[in-house]
Amino acid sequence: MLAYLVLTGIGGAPVDEETIRRFDRDDLPEIPFQPDARIVWRNHDGSVVFFGWQAFAEVAGIGSHWTVDAGGLTAFTGHCWPRDTGWTHGADRSWAALLRAYLGDSPDPTALRESLFGHFTIVSLSTADNGWVMPDWASVDQLYVAETPSGTAVSNRAGLCARAVSPANAAPPRSLVAAGWVVGLGWIIDQESGYWEVERPRAGSLVAIEPRRGAEVVAPPVSALYPREPEDPAPTYEELLSEVERDLRGTIRAVAELPVADRVLSLSGGKDSRTLLAVILSEGVQDRFRFETSGSPQRADAILAQTFATRFGLDWSLHDPSGRPPEAELDNLLMHVYLAEGMTSAWSVSARPTFSPGVAVNGTSGEGLRWGKVSSSGVGARTVEEVVGRVLAKDPFDPLGLLRPEVRAYYVDFLTGWFHEQVDLGIPLISVPALYFHETRMHARAGPDAVWNPRLRVDPYMTPVCIRATHRLPLDRRPDLRFHLDLQRRCCPELSTFPLTGTAWTEAMYGQLPDAADYRSIEPMHTRDPQGRTWRVKHYDAYRSAIEQAVLERGNPIHELLDRDRMLSRLAKGGEHEGRARLVWGLLSAAAWTGQHERPVTFTRG
């Protein structure tokens with residue numbers, strides 16, 4: 001893990017020495033691990049200063065997250081490797097040194113961004129020339145920027161930026177605008193962070209550093225998730241399917257070759273993780289992976305995953321959090337709020353994150369390969385307002401009505417403006433809902449959740465090939481939902497014949513197949529046993545007092561946003577079903593942040 005902070009002066013002025021002393025220490029509360037190593041690096045005139053704190057660099061043979069030579073400093077967060085080849089393991093060079101050689105002296109870092117796999121940020125600083133700070137192509141890794149009268153702070157930790165721009169010993173003010181997003185949606189989709197004075201640039205942005213002038217955010221002309229150039233002729237579905245297959249196979253092979261003792265795939269009964277399982281089986285590397293499912297044994301996902309494990313001889317286990325006491329749930333939630341710095345709901349936390357020397361693989365971004373209810377909202381629409389209305393009907397903002405009407409209107413206005421902006425940039429109406437869905441899920445939702453988990457996490461779908469595939473289809477072929485089914489049929493046809501949880505393959509996916517009748521007869525599997533419900537619903541009454549104690553605290557600034565009467569009503573019925581409980585967890589996460597009740601954690605190997 002690497003936490004970093006870059007400070008730049010304005011107009012070539014050196015960074016203030018008092019500010020440097022403020023960060024020249026191991027025990028900063030914003031850093032969620034005990035550093036094994038720390039660095040303070042300055043360029044030739046002190047106008048650019050880099051602070052780095054790292055731990056667990058032995059994982060996967062990383063070695064070090066930074067390297068320094070006569071030309072400057074190169075560092076990276078998260079994980080990254082050349083998409084087509086991976087790194088050469090056992091070469092006695094750190095990943096940072098390998099990355100420095102790979103980057104060379106390229107004057108255009110964006111040209112290299114998409115050639116690297118992973119969620120990461122690269123920091124490239126020159127001793128006497130220009131430099132840059134650049135997240136991965138979809139900005140899953142988080143980038144924060146704060147401006148002061150004397151310079152700029154750049155970090156992957158919003159709290160470090162906030163500390164840099166706040167008076168010494170003053171608590172940085174927290175953003176109510178950000179909290180409103182978490183209440184109404186579960187994550188933040190504008191440029192807010194958890195702090196008023198810290199911004200999170202748009203997905204695809206980078207920070208260019210010119211010592212004589214300072215730092216500047218450079219945003220992409222259009223979303224990085226949308227294909228840059230029109231293709232003539234447009235690729236066929238079969239061509240895109242083959243590209244996606246090659247891409248997923250390459251990632252799985254790279255993961256299978258990582259020098260780690262443990263590789264685990266989060267396995268459910270749905271399309272995304274099952275497709276990854278099909279690739280793993282096709283590559284013949286299933287013996288290099290463990291497979292794990294979270295939920296009660298009565299849940300349909302667990303039943304199906306166990307069926308897969310029995311049929312294919314997988315090393316499978318079930319993590320059942322149903323017996324977790326309310327105190328542990330609240331502790332995990334408050335820890336997530338600290339790690340994510342108020343950026344997302346803690347609903348996705350199924351276990352307390354702990355250090356592991358292995359790698360965890362998940363299919364979170366597999367939604368990018370299909371056009372679901374939100375992505376297909378642009379089909380047949382003629383105006384932006386019509387599209388926004390459809391999106392909000394299918395994926396409502398603040399469906400419980402927890403926010404005051406005028407507050408809710410602010411966020412809906414922002415969403416409408418965002419859709420207008422994309423159309424003005426030339427994105428077809430039919431593509432804007434999918435772009436919204438993909439960008440918010442990856443940059444806004446998956447990013448804050450993934451970045452500070454103390455283990456190497458890989459999402460094979462998080463690539464330009466996979467996420468752009470549906471956008472590259474001819475307009476008359478959208479929406480298209482065939483990728484998962486056809487990938488399973490290519491890699492492990494038998495897997496595609498098992499039921500799915502909660503849904504089924506559709507006519508649009510199998511109607512053209514000679515064995516369409518076989519797929520038409522497959523019924524979805526539902527969780528029928530009440531014991532199979534999510535543990536948060538089953539035990540909501542036990543959690544309720546702790547939830548109300550945090551949310552109803554008088555003096556919490558979040559009450560400036562909330563309709564108190566509706567909130568009390570919704571809290572009383574929060575355990576009726578999973579959808580309602582999920583929204584209550586977003587409210588609780590936001591209130592914990594604005595009330596400053598987060599629970600710091602310091603990860604160690606123990």
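This text gives an overview of the structure that appears in the document. A quick note: this is a predicted structure, and the numbers were derived from the prediction, not measured. (Residues numbered from 1 in each chain as written. Predicted model: local features only at pLDDT ≥ 70, side-chain atom pairs only at ≥ 80, totals over all residues. Heavy atoms only, no water.)

## Quick notes on the pattern of salt bridges
Thought 1: All chains considered together, the criterion is met by 37 salt bridges.
Thought 2: In this structure, the salt-bridge partner of Asp-26 is Arg-38, at a minimum N-O distance of 2.6 Å. Of this pair, Asp-26 sits in the loop between helix H1 (17-23) and strand S2 (37-42) while Arg-38 sits in strand S2, and the two are 12 residues apart along the sequence.
Thought 3: Of the residues examined, Arg-38 reaches a relative accessible area of 33% and is grouped as partly exposed.
Thought 4: A salt bridge links Asp-486 to Arg-482, with the shortest nitrogen-to-oxygen separation between them at 3.3 Å.
Thought 5: When its relative accessible area of 12% is taken as the criterion, Arg-482 is described as buried.
Thought 6: Within this structure, Glu-245, Arg-249, Arg-253, Glu-283 and Arg-490 form a network of salt bridges that share partners. (Salt bridge = Lys/Arg side-chain N within 4 Å of Asp/Glu carboxyl O. Helix = DSSP H or I, 4+ residues; strand = E, 2+ residues; numbered from the N terminus. Buried < 20%, exposed > 50% of the residue type's maximum accessible area, 1.4 Å probe, protein only.)

## Brief notes about the pairing of strand S8 (residues 121-126)
Thought 1: Most of S8 sits inside the fold, with six of its six residues counted as buried.
Thought 2: Residues Thr-121, Val-123 and Leu-125 point to one face of S8 and Ile-122, Ser-124 and Ser-126 to the other, with burial holding for every one of them.
Thought 3: Where strand S5 (residues 72-76) and S8 come together, five bridges link them in antiparallel fashion. Across the sheet, Phe-76 pairs through a bridge with Ile-122, a residue of S8.
Thought 4: Relative to strand S9 (residues 131-135), S8 runs antiparallel, the two being bridged by four bridges. Residue pairing for S9: Ile-122 is matched across the bridge by Met-134.
Thought 5: Where S8 folds back onto S9 in an antiparallel hairpin, the turn is made up of four residues. (Pairing = 2+ DSSP bridges.)

## Observations regarding the packing of helix H9 (residues 326-340) against helix H20 (residues 578-594)
Thought 1: Interhelical geometry of H9 versus H20 gives an angle of 60° and a closest axis separation of 9 Å. Judged by the angle between their axes, H9 and H20 are oblique. Handedness of the crossing formed by H9 with H20: right-handed. Across the interface between the two elements, Glu-329, Leu-333, Leu-334 and Val-337 of H9 pack against Trp-585, Leu-588, Ser-589, Ala-592 and Trp-593 of H20.
Thought 2: Taken together, the residues of the contact of H9 with H20 sort by class into seven nonpolar, one polar and one charged. (Axes fitted to C-alpha atoms, helices over the stretch in contact; angles between N-to-C directions. Parallel < 35°, antiparallel > 145°, perpendicular 65-115°, else oblique. Left-handed = near helix turned anticlockwise from the far one by under 90°. Contact = heavy atoms within 4.5 Å. Nonpolar A, V, L, I, M, F, W, Y, C, P; charged D, E, K, R; others polar.)

## Considerations on empty space enclosed by the protein
Thought 1: Using the criterion set out here, one finds five cavities of 30 Å³ or more in the structure.
Thought 2: Of the volumes computed, that of the largest cavity is approximately 260 Å³.
Thought 3: Lining the largest cavity are 22 residues; nearest its centre among them are Met-1, Gly-78, Asn-453, Arg-455 and Leu-456.
Thought 4: Elements that contribute at least two residues to the lining of the largest cavity include exactly helix H12 (432-451) and strand S18 (456-458).
Thought 5: Each residue belonging to the lining of the largest cavity can be placed in one class, and the counts come to 11 nonpolar, eight polar and three charged. (1 Å grid on protein atoms, 1.4 Å probe; cavity = no way out; pocket = protein on both sides within 12 Å on 5 of 7 lines; lining within 4 Å. Points joined across faces, edges and corners; volume = space filled by probe spheres on them.)

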